[in-house]
Structures are given as C-alpha cells and as structure tokens.
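Chain by chain, the residues run as shown.
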Amino acid sequence: MRAAKAILPFRRFGLTLLLSCFAFSAQSAAGFPPQANSREELLTLPGEIGRPGGRLVVSLRAEPKTLNPLTAADTPSREVIGAMQADLVHINRATQLTEPALAKSWKISPDGLQYTLTLRKGLRFSDGQPLDADDVLFTFRVYLDESVHAPQRDLLIVGGKPITVRKLDAWTVVFQLAKTYGVGERLFDGMAILPRHLLEKTYQDGKLGQFWTLSTPPNQWAGLGPFRLKEYVPGQRLILERNPYYWKSDAKGNRLPYLDELVFLFVSSADAQVLRFQSGETDIISRLGAENFSVLLREQRGYTMTDVGPGLEYNFLFFNLNDLRNKSSPEMEHKQKWFHEVKFRQAVSAAIDREAIVRLVYQGRGAALWGPVTPGNRRWVNPSISRPSRSLERARWLLKEAGFSWMNGPNGESELLDSDGKLVEFSILTSSSNADRTKMATLVQDDLKQLGMHVQVVPLELRSLIDRVTQTKEYDACVLGIASFDADPNSDINVWLSSGGMHLWNPSQAHPATAWETEIDNLMEEQLAAPSYEQRKKRYDRVQQILAENQPMIFLASPDILVGAKNVIGNFHPAVLEPYALWNVEQLYFRNGPEKSAR
Amino acid sequence: MTRRRPLTRWLIALLILHGVIACAGFFAPYDPLEQDRQRPYLPPMRIHVVDKQGHFHFRPFFYAVHLREGSFDQFEEEANTTVPMRFFVRGPRYHLLGLLPCSLHLFGAENGRINLLGSDAYGRDQLSRILYGGQVSLLAGLLGAGLTLLLGSLVGTTAGYCGGWRDEFLMRVAELFLALPWLYLLFALRAFLPLAVSPLEAFLLVVVVTGTVGWARPARLVRGVVLSVKERDFVRAARGFGASNVYLLRRHILPETTSVLSTQAAILVPQFVLAEMTLSFLGLGVPEPVPSWGNLLANLQQYSVLVSYWWMYLPALTIVPFFLAYLGLANALQEYAEPYKIEGRSDDSPT
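Predicted, not measured: the structure shown is a model, and the values here were computed from it.

Cut-offs and rules
One numbering rule holds for all chains: residues counted from 1, following each sequence as written. Numbering of ligands from 1 and lettering of chains from A proceed in the order in which they are written. Given that the model is predicted, a residue must reach a pLDDT of at least 70 before its local features are reported, and side-chain atom pairs must reach 80 or more before they are shown or counted; all residues, however, enter totals for whole chains, interfaces and linings. Calculated side-chain values reflect all of the structure's heavy atoms, with hydrogen atoms and water omitted. A run of DSSP states H or I qualifies as a helix once it reaches four residues; a run of E qualifies as a strand once it reaches two. Both are numbered from the N-terminal end. Working definition: with a 1.4 Å probe on protein chains only, accessible area under 20% of the residue-type maximum means buried, over 50% means exposed, and in between means partly exposed. Any two residues whose heavy atoms approach within 4.5 Å are treated as being in contact. Values of accessible area rely on a 1.4 Å probe in the Shrake-Rupley scheme; residue burial ignores everything except the protein chains shown. The quantity called the radius of gyration is restricted to C-alpha atoms. Its globule counterpart is 2.2 Å times the number of residues to the power 0.38. Put simply, buried area is how much 1.4 Å-probe accessible surface two parts lose in total, over both of them, once they are put together. What makes a salt bridge here is a side-chain nitrogen of Lys or Arg within 4 Å of a carboxyl oxygen of Asp or Glu, nothing more. Confidence of the predictor at the level of single residues is captured by pLDDT, which takes values from 0 to 100. In protein, a polar contact requires one atom able to donate a hydrogen and another able to accept it; more generally it is a pair of N or O atoms within 3.5 Å, and residues adjacent in sequence count only if both atoms are side-chain atoms. Here, nonpolar core means buried Ala, Val, Leu, Ile, Met, Phe, Trp, Tyr and Cys residues that are tied together by side-chain atoms lying within 4.5 Å of each other. Only residues whose relative accessible area exceeds 30% and that form no salt bridge are eligible for patches; like-charged ones are grouped when within 9 Å, while nonpolar side chains (Val, Leu, Ile, Met, Phe, Trp, Tyr) are grouped when within 5 Å. Here an angle of 0 to 180 degrees is reported between the N-to-C directions of two axes, which are lines fitted to C-alpha atoms, with helices fitted over the stretch in contact. Throughout this description, any angle smaller than 35 degrees is read as roughly parallel, any larger than 145 degrees as roughly antiparallel, any in the 65 to 115 degree range as roughly perpendicular, and the remainder as oblique. Throughout, a crossing is termed right-handed when the near helix is turned clockwise from the far one, and left-handed when it is turned anticlockwise from it by less than a right angle. Nonpolar residues are Ala, Val, Leu, Ile, Met, Phe, Trp, Tyr, Cys and Pro. Charged residues are Asp, Glu, Lys and Arg, and all others, Gly as well, are polar. Pairing between two strands requires that DSSP report at least two bridges joining them. Any Phe, Tyr or Trp ring, taking Trp's six-membered ring, that has another such ring centre within 6.5 Å forms a pair; planes under 30 degrees apart are called stacked, those over 60 apart edge-to-face, and the others tilted. Distance and angle both matter: a charge sits over a ring if NZ of Lys or CZ of Arg is within 6 Å of the ring centre and within 35 degrees of the ring normal. Directions are taken from the helix axis to each C-beta atom, and the arc is the one they span.

### Quick notes on the overall build of chain B
At step 1: Each helix and strand in chain B was counted, giving 13 helices and five strands.
At step 2: Based on the C-alpha atoms only, the size of chain B along its principal axes is roughly 85 × 55 × 40 Å.
At step 3: Counting all 351 residues of chain B, 44% fall into the buried class.
At step 4: Of the contacts formed within chain B by residues at least 6 apart in sequence, a portion of 67% connects residues at least 24 apart.
At step 5: With an accessible surface of roughly 18100 Å², chain B has 64% of that area assigned to carbon and sulfur atoms.

And the structure:
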C-alpha cells in the first residue's frame, strides 16, 4: 500500500524564511494582488518572501516553434510552455521527488493499477475560467487520441494498453492501468492540463495540431502556469505576463508569481547570449559552456555564477553496429567486423583519457563517465561499476587477444592491423555546432593514434548527422550526447530498448541482435512493472553493468550545469534538471524592487 | 639598372620567408600534432637572460611552468627550475622539404618544453603549428595561383587569338564564372564528396577549387594583351613571311603576356592563401589536427578564446609580412615592366 499525502517537503529545503520589514511595506504600496480567498485551495511554497513586480529577461537559443504542448518537441518550446502550463503531479527539480501540483493528493491502489487523484478546488485558468475534472478528462482524451500524434501518448500506454481515465466527482479522477507501472505518479509530470472551454471545438474539428501557435492572440490562450501569453514579436522576443489566478502562494499567503513579466529574447548563438548577459540585458543565463562560464567568472560585476554540479547529460562514442549485410561496401563490412568485436570496443574505452576530456573540454567542470548515469543522478547511479583509469597496456593486450597486430609505418610510428592485415582506420562524426563534442573527438583521435589507429574527425551539421545515424546508417563511429529530461530510467527507455528509435548503435531492431541486448530489453521491461524503487534499482543497476561490459556506447564525460544570475534576483536555486534556472520561476523576484529592474 | 633594385629586394625577402616555411621542420621545435595535455592555453613563455637572483646568463633560459592548483589555464613559473634554451638540438623526427629524414632543430630544450608562442587548447606548440600551417596555406596559394594562371592564359590566348564566336563564347563563360556565388557552390560541392576525406585529399580539393574558380580575371587580361599584340606590325610581318600559328604564339605573342602574368601571380598568390584560410576557417579546408593558417584562426570563432587568449591571434599576424612582400613584388614588377606608365600615371590605373 503506497499512499502519498499532500505534505510539502518544507524541511527538505534548507532555506531560512527571510523576512525583512521593508519587504512588508513595499507589498502594500505596490498594490499586491488580493490574498487568497478561502474557497481556493492554494499550494503554499516555502522559501524567501519576495517583493512583487519587475520583469525578468532571459535568452532562448531559438524561437519556440509552438506554444502547443501537444506538438512541442524542441527545447525552446518546452522551456516556454513550462512557464505557462501546469501538471497534476510535479517533480521538484531540486529534490528530484514528486510533489502535489494541481492534484492536492493522490492514492495508489494496493495492486498498483489504480491511481486516484484529488484536484485542488476553486482553481482558475489564466483567463478566469474554472478548472474541474472535466478538463482533466478532456486533456487525457486528447493526449491518447492517435490522430493528434501527441508525444505524450507513448508515456500513457502501459502494458500495451492506453490508460483509461474516469471521473468520480467534480474534483476526483481515477486512472486505470493495465499493468503496474514502476514510474508511479511521476507519470503525470509534464502532462499539461488543457482548458476544455477553449480547445474542445477545435479538437472536434480535428485542427488541434495547428492550434496555439506563436501567432495565437493572447485572448485565445489559457493555461495554469505562473505566466500567460502577452505579446510575441517575431524574431525578437516573447513576452509573458503574470497569471493573476495562479494557484501557488508563499508562506505569508501572497499569491505567486512575484514577477510582473517574463521576457524570452531570441539570441541564437551561445556567445551572443554571454554578451547580452554581460551587458546586463538579460538577468539569468543557463546552458553555459565551461569556456564562457570562466569568461563570466573572471569579471563578475553584479552577477554570480554557479556551478550546480554534473547534470544528466552523458556524452559517448559509439560504433556502427547496424546489420548492414548485403547493403554496404566490402570496406564497411570489414570495419564492422572490428566494431562488433567486444574486445575492440573495450580496448578503445581503455585507451581514452577521460580525465583529460573533463579537464580540456570542460575545464574541470564535469565528471568522467563509465556508464550512462551521471554522478548528478544520485538515486539511480550504480556505484559498483568499475572506473578503470586510462591504460594503453590493457588496450594493447585486448587488441592482441582479438587478433590485431602492429607493424612499423613509413614515419616510424606503429600502425594497427587486423587479423587480415588491413590497416585500422575509421572516421568519427561529431556535430559541427557543438564545439565541446568536436573537441572530445579530437582528443579521442589522439588517444587512439597511440594504439596505431588512424582516426578522422568529421564535423557535420547536426541534422544530417542524426539522419546518417538513424536513417541511412552510413557512418563508422560518432560522438553524441543525450540530456535526459528526468532522472528516472524511463526517460531514456528509448535508448536502451533494442526496438527504440534512439538505440543509436543499432536503432529500431525487430529482434534484439545480441544476447546482452535481449537481457537489457527484459530488464527494462521488468523495471517498468516492478512496484518498488529497490526492485527497479536492482534491475537498472544490472542494465548499467551490462552496458559497461559490452561497451555499445563508450561513455566519456558529463558537463556540469553552469548558470549565472544577477545578484538582485532572490530565490535563485538552479537545479541539475531542466529547466535548470527557471524551474521555480514563480518564486523568483528582484531584491531591489521593481523600480530598479525596469528597463 | 636602378629600377631593378626594389624587385630583387622583394624577391629576396620572399625567398627567405618561403625558405623558413619550407624548412618548418627545422625551425619548429616540436611536432605540430603532439599534444601536451598538462598545458592547455599556455601563454607565450618569457625568455630570460637575468635570473631571479640577478645573475646574467649568456644562454637565454626559461623558467619551467606548471598549472596553478585547481585552475584550468593559469600557469605559474617555477623559480628554481630553469630550462636553458639550446640551439641545434635533436628533437622529433621530420622530413626536410618533405624528403630528407632529419631530426635536427634550430632550438629546443633538454629538460622540458618551451612554447615560444604559447600553446593551443590541446597544449600543442603554437609556433610549430604556425610554421607547419604555413606549408599548407602557402602551398595551396602557390598551386592554386599557378593553376588559375595556367587556365587563365590558356583561355585568354585562345579567345584573343582565335576571335570570332570562340572569343564570344569563352568571354561569356568567364562572365558567368565571375557572377557565380562561389562560397555556396563550395558548400554544395562538399556535400557531394565522401564524408571523411584525408588531409591530402582535402588539400588537393582546396587547390583545385580555388584554382578553377579564379581563372576568369587573368583570362580577360591575357585576352586583351593577345588581341592588341596580334595586330602589331611585327606580328603581321611574321605572318606575311609564312609563320605558323604555333610559332607566332610561342615567339611573338605569349612573351608579351609575361609581364601581365607575373604581376597577376604576385597579386594572386596572397589572394589564394587568403582563400585557403577562409575555407579552412569555415571548416571546408584541411581537417584537424593538421594545421593550416585558416585552421589555427578558426579557434577565434569562439568568444571565450577571443577574449581570453591573445596569442591565438598570432597566425593572423604571420601572414602580414608575406602579403606585404607579395604586394611589394607586384608593384615592383609593374614598375619594371611599364616604367613610363607608372611615372606618367594620371588616371589609368593598371590592373
């Protein structure tokens, strides 16, 4: 029996409730929105009591493609939507645990098949219309509708059957699963609850996919997040304004969010974002590279830079292990003979100087990796995976075991030959827009040169790189990175299942090609249904073990999450989960009051 | 004879500059590909002749450097470890002029590395990379310019000498070549080529591409000269005496184009070096880790490098003496070929 009550983890934040007297006086003067009325069941958040008003400016790498949670797939869209929408149960980005959100409590039946969620009463959408169970039913009907093609649909299919939703009363909703689901209530995180009163007609017309684009007038848009749409200037910025009906309050009962406006500037290059932040045009910067972080760190003026520690992004090298029989050149077949040899992959792994990658690529702001789970993911990392340091002797021994040999080349350096006497040479693809990964590949190239391998680094535009890896499969090896959006193993299930589209070394297989891939498939399915964390952890630990032994991906390093914010911003607590800096945007405020922050 | 002097002066300067680059293996203390991962972005090391105790040393020396504890790119000099500079030392092996196996270097050190111009992101010696990079960039420039002049004089002579529809056709093609957006075509061309090209293939590609792109301008110049020469009296006379086309071209017409061609060469070589640098800067040139001047400058695309490590600009400074010498040569050549035109120049600026 697992029942989670709506108790907030007050003490988990080690925060002191700062309360200065002038903060008080400012509240009344600024005409702070009315105190919560008694019929509304607001969620009270711990943290500093802020000052209302002000406009927070952040930059986005690209324009969001849409404001529609049903079609959003790109990071900028997700980041913007995250500030405008709300879910039933939310994962706290700092504690990585679930918390009540729109649902004030939930109950899971003893057999793990039935989830009963109770909604907060008296909540309103950002246009003032009330929220009730019908909106929730409508939302999940839309998500599960195949003709809508919502990305959320895959997550709502459990044991091959879609989750069924029914309403008990106006405030209670029951979700029925066909099979136990290890993720539990984390399932609801990120499932934005949609306003039925605005969308039902469009849905019936079958046009929901094209609705809620950036050109939607603000009055046709509504959400439950802290901010609502105000203005969109193409190519320049997106302005969100405070949602006056937001359902969270601070410990003093003041309705959140504190900020009047949240502005997203579209700044396409990382360097330009740094310049904007340096000049004070933006207030917060996240997704920083280590080089730019140290540039900002060197001349801190009025802002503070924070190294939050390793995030969830893992970078890795992988070889083309696709079944290309009869489809590829004899040369490629030859190369694949090496790649399929597990000792070859282990030798490559042993020869890579991960410590140098962390130092030279991330300037020490990162962690070396031997498995996909980073040290930032404390709950799921398998600490027993061995972390051998670089050993060329071991690499040479492994290669010799696998039948490779060396000869002296024309310039006196030794060159690696396979058992048929062919020179070992291959190329590594990297994304040309990601300087970090290109640098990693260059270091790997030099490491492998010492084993006598001829490696070339080929920077390629990201889209054509993904196309080569997943569609045409014309490549030798590739350096890529994946940034999981959640710490739970399920967020990357597509990478580990042999049938998954992100199973990069050999994607979308009809049947697992190897015994160890079969075992991973089984373990991932099992952990999906396992009822307790301990049981899931045991299986996921084994998955990490298998990956470390077979090295389908040679894990390299994970960068720290690096952020910066002006000193005047209060309640700034960056997390290692996305969105790193804006996850508690409703609590952010300007310490110096709105007058100074106005530009 | 006086007007010959600047010409020889520029020629000698160019010879020395190219000699240094051609013998990069001798002048560079290290292998340009060798990484030293303990010293990324090491600033140029300071030469000392007076040590910290105030003693004077005849042999210049350096203090050994190490990374400051916990930092990534901050280095400290070790006051008690000196690294004396030695001349004509044995070092990494190389091939002098690409042929002669050799391991003698102009300078080096026995107990440690000296990075006279600092190091890059991987701790590779910047001086060695600039020198070796020059080999790629200059050779690409010289070969590219040679190819262009060859094509240009071929087309120009054909058009000028044959005249008629051939002239029309070739000149229209030349105009088309001048009008095409070359950079974008290059990107397209690169997409058709195999994914991984070896440094040599990439180099040849750069040479062929830059060489075939630029022929239109010299072709028009050569055509102009050929057109005017073939109507001169001595050519008509030779034809009247029964000289064949080949004889006329070889004996009377082509020699008249040499001054145009040599001036063009002096102008084109630096242009083509610059073209190679642009292509490498954009990632279309010789791939890492092989250095070329454009590759070295590509690091500056990152803002953090731009504001943190000034010695990464040095490759840009290196090209200045080369370009200066080439342009000086071009001027001197022009002066040598057509002195009256230069002296009496009012409004006709020769190209």
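### Some points on the overall build of chain A
At step 1: Scanning chain A from N- to C-terminus turns up 16 helices and 27 strands.
At step 2: For chain A, the C-alpha radius of gyration of 26 Å lies close to 25 Å, the compact-globule estimate for 599 residues.
At step 3: For chain A, the spread of C-alpha atoms along the principal axes amounts to about 80 × 55 × 45 Å.
At step 4: Considering chain A as a whole, with its 599 residues, one finds that 58% of them fall into the buried category.
At step 5: Long-range contacts, defined as pairs at least 24 residues apart, comprise 68% of the intrachain contacts of chain A with a sequence gap of at least 6.
At step 6: About 24500 Å² of surface is accessible on chain A, with carbon and sulfur atoms providing 51% of the total.

### Brief notes about the interface of chain A and chain B
When the parts of a complex come together, some accessible area is lost, and that lost area is often used as the size of the interface.
At step 1: The interface of chain A with chain B comprises 30 residues on the first partner and 26 residues on the second.
At step 2: Taken together, the two surfaces of chain A and chain B that pack against each other cover about 2300 Å², and 54% of this comes from carbon and sulfur.
At step 3: Of all residues in chain A, the largest losses of buried area upon contact with chain B belong to Arg359(A), Leu360(A) and Gln456(A), amounting jointly to 22% of the total for that side.
At step 4: Across the chain A-chain B interface, the total number found is three salt bridges.

### Comments concerning the confidence of the model for chain A
At step 1: The share of residues in chain A with pLDDT of 70 or more is 92%, and the mean pLDDT across the chain is 86.
At step 2: Taken together, the stretch residues 1–36 of chain A has pLDDT below 50 and engages in 51 contacts with residues farther than four places along the chain or on a different chain.

### Details of unusual backbone geometry
At step 1: In this structure, the amide linkage connecting Leu256(A) to the following residue, Pro257(A), adopts the cis form with an omega of -5°.
At step 2: Note on placement: Pro257(A) falls in the loop between β14 (248–249) and β15 (261–266).
At step 3: Residue Pro579(A) follows Glu578(A) across a cis peptide bond; omega there is -15°.
At step 4: Mapping Pro579(A) onto the fold places it in the loop between β26 (569–570) and β27 (589–590).
At step 5: Positive phi is not limited to glycine here, since Gln96(A) has a value of about 60°.
At step 6: The backbone phi angle of Tyr41(B) is positive, close to 50°, even though this residue is not glycine.
At step 7: Within the secondary structure, Tyr41(B) sits in the loop between α2 (24–27) and β1 (48–50).

### Quick look at the environment of Ser137(B)
All names here are of chain B.
At step 1: Tracing the backbone shows Ser137 in helix α3 (residues 126–162).
At step 2: In sequence terms Ser137 and Met277 are 140 residues apart; their C-alpha atoms lie 7.0 Å from each other.
At step 3: Not counting residues up to four positions away in its chain, the partners in contact with Ser137 are Val273, Glu276, Met277, Ser292, Trp293 and Gly294.
At step 4: From its side chain, Ser137 meets the backbone nitrogen of Trp293 in a polar contact 3.0 Å long.

### Remarks on the pattern of salt bridges
At step 1: Under the definition given, this model contains 50 salt bridges over all chains.
At step 2: Residues Glu355(A) and Arg359(A) are paired through a salt bridge, measuring 3.2 Å at the closest nitrogen-oxygen approach. Of this pair, Glu355(A) and Arg359(A) are both found in helix α9 (residues 354–361), four residues apart, which corresponds to roughly one turn of the helix.
At step 3: Residue class for Arg359(A) comes out buried when judged on its relative accessible area of 15%.
At step 4: Its salt-bridge partner being Asp446(A), residue Arg37(B) comes within 3.8 Å of it at the nearest N-O pair.

### A look at the environment of Ile569(A)
All names here are of chain A.
At step 1: Within the element layout of this structure, Ile569 appears in strand β26.
At step 2: The spacing of Ile569 and Phe555 is 14 residues in sequence and 37 Å in space, taken between C-alpha atoms.
At step 3: Ignoring any residue separated from it by four or fewer positions in sequence, one finds Ile569 in contact with Leu56, Asp283, Ile284, Leu588, Tyr589, Phe590 and Arg591.

### Details of the nonpolar core
Side chains of a nonpolar character, in soluble globular proteins, are inclined to be buried together.
At step 1: Ranked by internal contacts, the top residues of the largest apolar core, which has 224 residues, are Leu88(A), Phe175(A), Leu317(A), Phe344(A), Phe426(A), Met453(A) and Trp496(A).
At step 2: Formed by twelve residues, the second largest nonpolar core is a distinct cluster that contains Leu296(A), Tyr303(A), Met305(A) and Leu562(A).

### Regarding a nonpolar patch on the surface
Residues and elements named next belong to chain B.
At step 1: Side chains of Leu183, Tyr184, Phe187, Phe281 and Leu282 sit close together on the surface and give an oily, nonpolar patch of about 470 Å² of accessible area.
At step 2: At three residues, helix α5 (residues 182–192) tops the list of elements feeding residues into the nonpolar patch.
At step 3: If you trace the backbone, Leu183 turns up in helix α5.
At step 4: Exposure remark for Leu183: the relative accessible area of 33% places this residue in the partly exposed category.

### Some details on the packing of α3(B) against helix α6 (residues 199–213) of chain B
All names here are of chain B.
At step 1: Where α3 meets α6, the closest approach of the two axes is 8 Å, and the angle between their N-to-C directions is 40°. As judged from the angle between their axes, α3 and α6 are oblique. Crossing angle aside, the handedness with which α3 passes α6 is right-handed. Facing α3, whose interface residues are Val136, Leu139, Ala140, Leu143, Gly144, Leu147, Thr148 and Leu151, α6 presents Phe203, Val207, Val208, Thr210, Gly211 and Thr212.
At step 2: For the contact of α3 with α6, the residue count by class is nine nonpolar, five polar and no charged.

### What about the pairing of strand β2 (residues 56–67) of chain B?
In the case of a regular strand, side chains alternate between the two sheet surfaces.
Residue and element names in this part refer to chain B.
At step 1: Here β1 runs beside β2; their pairing, made up of two bridges, is antiparallel. Paired with Val50 across the strands is Phe56, a residue of β2.
At step 2: Hairpin remark: β1 followed by β2, antiparallel, with five residues in the connecting loop; positive phi at Gly54, about 90°.

### Regarding the packing of aromatic side chains
At step 1: Throughout the structure, instances matching the rule amount to 40 aromatic pairs over all chains.
At step 2: For the ring pair Trp212(A) and Trp221(A), a centre distance of 5.3 Å and an interplane angle of 35° mean the geometry is tilted.
At step 3: Under the relative-accessibility criterion, Trp221(A) is labelled buried at 3%.
At step 4: Taking 4.8 Å as the distance between ring centres and 25° as the angle between the ring planes, the aromatic pair formed by Phe319(A) and Phe339(A) counts as stacked. Of this pair, Phe319(A) sits in strand β18 (residues 313–319) while Phe339(A) sits in helix α7 (residues 330–340), and the two are 20 residues apart along the sequence.
At step 5: We classify Phe319(A) as buried; its relative accessible area is 1%.
At step 6: Among the aromatic side chains, those forming a connected cluster through ring pairs are Tyr314(A), Phe316(A), Phe318(A), Tyr475(A), Trp496(A) and Phe555(A).
At step 7: Over the face of the ring belonging to Tyr63(B) we find Lys52(B), whose NZ or CZ atom lies 4.4 Å from the ring centre.

### Considerations on the sheet that holds strand β3 (residues 75–84) of chain B
Residues and elements named next belong to chain B.
At step 1: What the three strands build is an open sheet, ordered β1-β2-β3; its pairing is antiparallel. In this open sheet, the two strands that pair with only one neighbour each are β1 and β3. Strand after strand, the sheet turns through a mean of 45° between neighbouring axes, direction not considered.
At step 2: The pairing of β2 with β3 spans six bridges and is classified as antiparallel. Looking at β3, one finds that Phe61 is bridged to Pro84.

### Some words on helix α4 (residues 196–204) of chain A
An α-helical turn contains 3.6 residues, so any two residues separated by three or four positions project in the same direction.
All names here are of chain A.
At step 1: Every buried residue of α4 is listed here: Leu199, Thr202 and Tyr203. Down the axis of α4, the buried set is contained in an arc of 100°. They therefore lie on one face. Away from the buried face of α4 by more than 90 degrees, exposed residues Lys201 and Gln204 are located.
At step 2: Residues of α4 that are buried in the fold lie against α3 (133–144).
At step 3: One or two steps after α4, the chain reaches Gly206, where phi turns positive at roughly 75°.

### Regarding the side chain of Thr157(B)
Residues and elements named next belong to chain B.
At step 1: Among the secondary structure elements, Thr157 is positioned in helix α3.
At step 2: Engagement of the side chain of Thr157 in a polar contact is seen with the backbone oxygen of Ser153, the distance being 2.4 Å.
At step 3: Sequence-distant contacts of Thr157, defined by excluding residues within four places in its chain, comprise Cys162, Val222, Val226, Leu249 and Leu254.

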